[in-house]
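Notes for the structure review
Now for the letters of each chain:
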Amino acid sequence: MLYLPTRIFFGNTALEEAAEMFSALGKKALIVSSKSAADKSGVNACLLPILQKQGIAVHVYKEICENPSTELVIKGKEEFLRHGCDFVIGIGGGSPLDAAKAISLAAANDLGADQLYDASLRQKAYPIAAIPTTHGTGSEVTQYSVLTDLSTGKKAGFGSDLIFPALAVINPQFMRSLSPKISLNTTIDALSHLLEGIYSTQRSPLLYPMIFRGIKLIRDNLELCLKEPQNPVAREALSLASMYGGIAIAHTSTTLQHAIGYPFTTAFGIPHGLANGMFMEVIMRFYAPVIKDELDALFTYLGCDMESFLGWLDKFPIKVRVPADDAQLRAWIPQILAARNTVISPVQPSAEELFTILKNVQKEGS
């Protein structure tokens, strides 16, 4: 069974095609973004006149940073309520989109920072529109929000069908200003989502056509995008792959591949997508014996074998080494093993197996 209540507009005229849909969401929008995402990408220049023509007022909240905190969400909730907003528009990468979803829930249910993860308190949400400016998280088509709790120092996500965006507007042109570094990191995140759609014990063959095509789009276009950041064909391909990845994990969730990266983002500031990439090869090899049929089907579609695929992946600078000593790595093991992502992985690693995986990114002498 597949479920996706999001109306999706994709392509270079997506925003114009979706124009009339915004008025169905409300009369005053809280625009949630980072300090530069909406302007640098060109979204605001296109969006604001459309909203004005539809008679929609706006208030802009552009305080969202990478790995947004629960405190920033509550500040956004207060802005939403103070200015009489009745729907949310998230603009940017995964951080603003995830924050927009959480703000919607917090405002609708009057939640505090310590209540965001309590599913029993989520009774309703304000409508959400999502306009991505990166081709990575696929958050525009998922029911997930990933936040950082400053009180615990941990990054963790939650899911609720209430926060599926009502509207997703995906225009690859809004992503042409991305630097090669951000383009790589976000695309690796999308690749993680697609692979995890196969890894997850909640996998569904109904998703395989999208997953396989998404992986092929990344394999065939990532290098081109990094060499020619303005290339419209590459940007469109990677944007589509990212959307496919979002649809995949909306149904399968993520796995150990994601759970293992969160502590490294929190402790070392490693971008989320890159934190996934650090472990991509070792986790694929770890899973391969028990999902052989699924991987065989993927690589048959790609026209290569696993070693060739991993050889392609090795072209990119994603094997980061970090100065984490053994004690620090071991301290993270209970948190990673207890994560819901890990529980739905095809293999449940033992503590020692996980420690061996973690050591793959350890600097010598750490």
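Worth saying up front: this structure is predicted, and the values here are computed from it rather than measured. (Residues numbered from 1 in each chain as written. Predicted model: local features only at pLDDT ≥ 70, side-chain atom pairs only at ≥ 80, totals over all residues. Heavy atoms only, no water.)

The tendency in soluble globular proteins is for nonpolar side chains to be buried side by side. Of all hydrophobic cores here, the largest spans 70 residues; its most connected members are L191, I215 and F264. When residues of this core are assigned to their parent elements, the largest contribution, 9 residues, is made by helix 8 (residues 232–252). When sequence neighbours within four positions are dropped, the list of residues in contact with F264 reads G269, I270, M278, F279, V322, L329, W332, L358 and V361. (Core = buried A, V, L, I, M, F, W, Y, C linked by side-chain atoms within 4.5 Å. Buried < 20%, exposed > 50% of the residue type's maximum accessible area, 1.4 Å probe, protein only. Helix = DSSP H or I, 4+ residues; strand = E, 2+ residues; numbered from the N terminus. Contact = heavy atoms within 4.5 Å.)

It is worth spelling out the packing of aromatic side chains at this point. This structure, assessed with the given rule, holds 14 aromatic pairs. With a centroid separation of 5.5 Å and an interplanar angle of 15°, the aromatic rings of Y208 and F212 are classed as stacked. Taken as a pair, Y208 and F212 lie in helix 7 (residues 208–227) at a separation of 4 residues, close to a single helical turn. Given the relative accessible area of 9%, F212 is considered buried. (Phe/Tyr/Trp six-rings, centres within 6.5 Å; stacked < 30°, edge-to-face > 60°.)

So, on to unusual backbone geometry. Backbone geometry places N67, a non-glycine residue, at a positive phi of 55°. Within the element layout of this structure, N67 appears in the loop between strand 3 (57–61) and helix 4 (70–82). Within the chain, D110 stands out as a residue other than glycine whose phi angle is a positive 50°. Relative to the elements of secondary structure, D110 occurs in the loop between helix 5 (94–109) and strand 5 (128–132).

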